[in-house]
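# Report on the structure
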Amino acid sequence: MAEAQAFDRPLILIAPRLTQSPPCLTMPERLAPEESSATVFLDAVLAAGGLPLMMALTEDDAVIEHYVQMADGVAIPGGQDVDPALWGVHEPYDERLLCPERDAFELKLIRAALSAHKPLFATCRGMQILNVALGGTLCMDVPSLPVPPGKVHWRHLPILHDPAHPVAVEDGSLLARILEWPDEVQVNSSHHCCVEKLGEGVRLTAVATDGVPEAIEVEGERFCLGVQWHPEYTWRTLETDFKLWRAFVKAARG
């Protein structure tokens, strides 16, 4: 019975992170870059009833297309900054914060997933590159954003395991329906970039109470949601965050 239930799980593709470990005393040789996924991200998919499968990072269109055809849903996690050159900004930027390999791969993956109308859930960097994939832009320095009168910016840099600030959710949005709460919810935070100009068909559906964009959806898709926070770290303690994972996997189950 348990084995049969396991095969009933929808297959969730996880886009990999890419990291490069510098030489050190214990390993003086330069190691190959490592593709990986955070355990909390995989655990969230499993707990919600999905079967996570970490992809290989590739720019091969045919391979990406085959992955997407196999999948019931696609998840894009956080990580490095998205290169501002992708929307035409060529001012100097710290290249140590970028990952061009991920940019190229995830742009193709997102467009393939949307073309196939597969449920897509994107967190932090994932939300940002989802917006860029549809022609949007990013603000690369959240503290530079204006704030509403009488407000100051919340701390948006790392608070992963606890709520950092509230976000106001748009009534009637997919996010509001998932949370069953069309008002403010508490979320964690770890970012210094955020969505700026919205891409084609992208709808802003939640903002922090200091005005920072916190959630986007893509119009016309059954399930395409990006959130700026990290619900993979808080799904065990915040019911609202676990609802995101359950709704994503439910959409993938179709």
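Computed from a prediction, not measured in an experiment: that's the story for all the values here.

Moving on to helix α5 (residues 125-133). Of all 9 residues that make up α5, 9 are buried, and the element is covered over most of its length. Taken from the residues just after α5, G135 is the one with a positive phi, measuring 95°.

With that out of the way, let us pick up the pattern of salt bridges. Using the criterion set out here, one finds 9 salt bridges in the structure. Taking the shortest distance from any N to any O, the salt bridge between R102 and E106 comes out at 2.8 Å. Note that R102 and E106 are positioned in helix α4 (residues 100-115) at a spacing of 4 residues, about one turn of the helix. The pair R102 / E106 is uniform in exposure class, with both members buried. Taking the shortest distance from any N to any O, the salt bridge between R125 and E106 comes out at 3.0 Å. Taken together, the residues R125 in helix α5 and E106 in helix α4 connect sequence positions 19 residues apart. The class for R125 is buried, based on a relative accessible area of 1%. Taking relative accessible area as the criterion, E106 reaches 0% and is therefore assigned buried. Several salt bridges share partner residues, and in doing so they unite R102, D103, E106 and R125 into one network.

Right, let's get into the confidence of the model for the chain. Taken residue by residue, the chain gives an average pLDDT of 95. The fraction at 70 or more is 97%. Here helix α1 (residues 2-7) stands out as the least confident element of the chain, with mean pLDDT 53; strand β6 (residues 120-123) is the most confident, with 99.

It is worth spelling out the nonpolar core at this point. If you look at the biggest cluster of nonpolar residues, it comprises 37 residues, and the most contacted ones within it are F121, V169, L175, F223, L225, L244 and W245. Per element, the largest residue contribution to this core is 8 residues, and it comes from helix α8 (residues 239-253). Beyond its immediate chain neighbours, meaning those up to four positions away, L244 contacts F121, L175, I178, L179, L225, V227, W229 and P231.

The next point concerns helix α2 (residues 39-47). Residues of α2 that are buried: V40, F41, A44 and V45. In a view along the axis of α2, the buried residues occupy a sector of 140°, so they form one face of it. Of the surrounding elements, those touching the buried residues of α2 are β1 (11-14), β4 (51-54), β5 (73-76), β6, α7 (231-234) and α8. After α2 finishes, the residue G49 shows a positive phi value of roughly 100°.

So, how was this worked out
- Numbers given to residues run from 1 along each chain, matching the order in which its sequence is written.
- pLDDT decides what is reported in this predicted model: residues at 70 or higher carry local features, side-chain atom pairs at 80 or more are listed and counted, and totals for whole chains, interfaces and linings draw on all residues regardless.
- Side-chain measures were taken over the full set of non-hydrogen atoms in the model, leaving aside hydrogen atoms and water.
- Only protein chains enter the area calculation, which uses a 1.4 Å probe; residues under 20% of their type maximum are buried, those over 50% are exposed, and those in between are partly exposed.
- A helix here means a DSSP run of H or I that spans at least four residues, while a strand means a run of E at least two residues long, and both kinds are numbered starting from the N terminus.
- What makes a salt bridge here is a side-chain nitrogen of Lys or Arg within 4 Å of a carboxyl oxygen of Asp or Glu, nothing more.
- Residue-level confidence of the predictor is summarised by pLDDT, bounded by 0 at the bottom and 100 at the top.
- The criterion is simple. A nonpolar core is a set of buried Ala, Val, Leu, Ile, Met, Phe, Trp, Tyr and Cys residues joined through side-chain atoms within 4.5 Å.
- The contact definition used throughout considers only heavy atoms, calling two residues in contact when any of these lie within 4.5 Å.
- Read the arc as the range of directions from the helix axis to the C-beta atoms.

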